[in-house]
Structure formats: C-alpha cells, structure tokens
Amino acid sequence: MSISNITVFMPSVLTLIGIPGLESVQCWIGIPFCAMYLIAMFGNSLLLIIIRSHRSLHEPMYILVGMLGVTDIALANTIMPKMLGIFWFHVPEIYFDFCLLQMWLIHTFQGIESGILLAMALDRYLAIYYPLRYSTIFTHQLVYQIGAGIALRAAILVAPCLVLIKCRFQFYHTTIISHSYCEHMAIVKLAAENVRVNKIYGLFVAFAVAGFDMIFITLSYIQIFFTVFRLPQKEARWKAFNTCIAHICVFLQFYLLAFFSFFTHRFGAHVPPYIHILFSSLYLLVPPFLNPLVYGAKTKQIRIHVVKMLCS
C-alpha cells in the first residue's frame, strides 16, 4: 500500500471505530446489543421450527413469516459478530473486500426484508378483499416465486454499489470508518475522488426499494381499512383487523428506523455522530429482535404452538 501526504492508494484494510464519541463505554453498550442478538437468534429459530413442524402453518402468510425469520437471522449474523468484536475484543480491522461484502449483504438483506413486508401486505389485502378467491390466487408456488423475485431484486440492485466503489475509487482520504459496520455511504465518504455517481445511485436504490415498497404497503393497508370498516358486524371487523396488527407493528418499526437512519446520514449535519450510529445499528438489530416477539404474541396460531412447545 503506497501512501501519499493526504491520500491512501487502494487500501487493503479498513478500520471500523464503532460508535464515535462513545469508545470508552462500547464494552457496556455491547451487553444489550448481545442480549438482543441472542434473543433474535432464539426467537427466529423457534419461529422457523414451529412453522416447519406444523402442517397447519404451511400457509402463505406463515411461509412469508418464515422467510422474514430467515432474513432476520442472516442480517443479524452479518453485522453482530464483527460489531461485538469491535466493542469487546478491540478488533476493528476488516479487509477492504470483506467490508464491501458485508455492505452488499447488509443492504441486500434490508431490501429482501422490505420486499417481504410488501408481500405480507399483499397477502392480507387479498385475504380480506377477495376472501373466496384468496386460496386460488395466493398459492404456495406464487409465494415461492415472489420470494425468489424479492431476493433477486435486492441482490441485483445493490450489486452496482459494490462495483462502483471497487472500480471507480483508487484514492481515499483515510482508512478509518466512523461506523460500527460497513455501510454504503460511510465507505463512499472515505473516497478522495468524485462521489456524485455513488450518492445518486445509492439514493436511487433506496427509493426504488424502500420507497416503492412503503408506498404500496401503505396503499394496501388503506384499502384493507376501508374494506374492514365496511363489514356489517363488529366482531367480523375486529377479527379481520386483528390479522393485520402484527404486520402493521413490524412495518412501522422497520420503516421509521430505516428512514431516520437514511436521512440523518445524508442530511443530518447537526445530529451528533453517536446518535446516528446508534440508531443505524439499532435499525439493523431491532427488526430481527422484535419480529419473532410480535408474531409470537399477536398471531394466535403461532402463539398456541409456542406455548405448547415451551410447556412440553
């Protein structure tokens, strides 16, 4: 690696500092993070075991919940081992190519999770809007095709971010990333060259995935609410609405944290760095932590099987 007075040429190793401004207490911050990680692993694994082992749960809605659980496990395992290595074992170095791989995996899994939430909204819309035709429209084959399409969309859209960094940038101001994981804009900001193309494409991906999904999820639930409130019986309205509560909770916590992290990273010049990094880290960890708790508590069929399994 050749180093000039102000730039670094093609660094092979980068340094993640964790949470800037809170380095002295990172070992304590790692404790709740680790607890959330372990609960996320246990909860999502339990959810997958229950869905897989009970034929009554082999329905499109529960298959989508299982897909969400797999994505949550993969996302948490992508970030937490390295993050805890920084917090507890003072191992901040990461190979440049591994950092790019982590960036691609993180944003790909985020895109997959967003797509699954859209598929869940579509599932509830069809179940409530077309109850008699639901089983013939939303088949198992369609669910698996939607899952494959969601994964391909995320992987293909995020891949150019990796290529644009690897092929366009040769000189970097520093090798120190003021973050606890390899995030796209955190890496781009290291470059000592024109980063306009990278920023524009990053915005395009964010709005093409999260923006598109959020708009259609919102429209789906608006249609669902109109349909539910037109039902003649109060009990029928509550039953239909109750099937959507868990999805709405997951949808709100995912997108509120996502857009706070996104906009503070790009436009929050007056937000303290440690606030942004903490929320960015929580944005990746809270959904895997909360999703199994929400679906376990709010979905009656899953809750019954969880109680039976724990009691036995």
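Residues numbered from 1 in each chain as written. Predicted model: local features only at pLDDT ≥ 70, side-chain atom pairs only at ≥ 80, totals over all residues. Heavy atoms only, no water.

As recorded by an unreviewed UniProt entry, the protein carries the name Olfactory receptor and is attributed to Mustela putorius furo. As stated in UniProt under Sequence similarities (unreviewed entry), the record for the protein gives "Belongs to the G-protein coupled receptor 1 family." (UniProt positions renumbered as here; feature names shortened; annotations may be inferred.)

Undergrad: In this structure, what is going on with the state of the cysteines? I would like to understand it.
TA: What is meant by a disulfide is a covalent connection between two cysteines, made through their sulfur atoms. In the structure shown here, the tally under the stated rule is 1 disulfide. A sulfur-sulfur distance of 1.9 Å marks the disulfide that ties Cys99 to Cys182. Taking the torsion about the sulfur-sulfur bond, which here is approximately -115°, the covalent link between Cys99 and Cys182 counts as left-handed. Note that Cys99 is positioned in helix H3 (residues 96-129) and Cys182 in the loop between strand E5 (176-177) and helix H6 (184-188), a separation of 83 residues in sequence. No disulfide involves Cys34; its sulfur sits 13 Å from that of Cys27, the nearest cysteine. Overall, Cys34 belongs to the buried group, its relative accessible area being 16%. (Disulfide = S-S within 2.5 Å. Helix = DSSP H or I, 4+ residues; strand = E, 2+ residues; numbered from the N terminus. Buried < 20%, exposed > 50% of the residue type's maximum accessible area, 1.4 Å probe, protein only.)

Undergrad: Before we go on, may I ask you to explain the packing of helix H2 (residues 60-89) against H3 in this structure?
TA: Two packed helices can be described by the angle between their axes and the distance between those axes. Contact geometry of H2 with H3 gives a least axis separation of 10 Å together with a crossing angle of 160°. Accordingly, the angle class assigned to the pair H2 and H3 is roughly antiparallel. In this structure, H2 crosses over H3, and the sense of that crossing is left-handed. Here the residues of the contact of H2 with H3 are counted per class, giving 17 nonpolar, 3 polar and 5 charged. (Axes fitted to C-alpha atoms, helices over the stretch in contact; angles between N-to-C directions. Parallel < 35°, antiparallel > 145°, perpendicular 65-115°, else oblique. Left-handed = near helix turned anticlockwise from the far one by under 90°. Nonpolar A, V, L, I, M, F, W, Y, C, P; charged D, E, K, R; others polar.)

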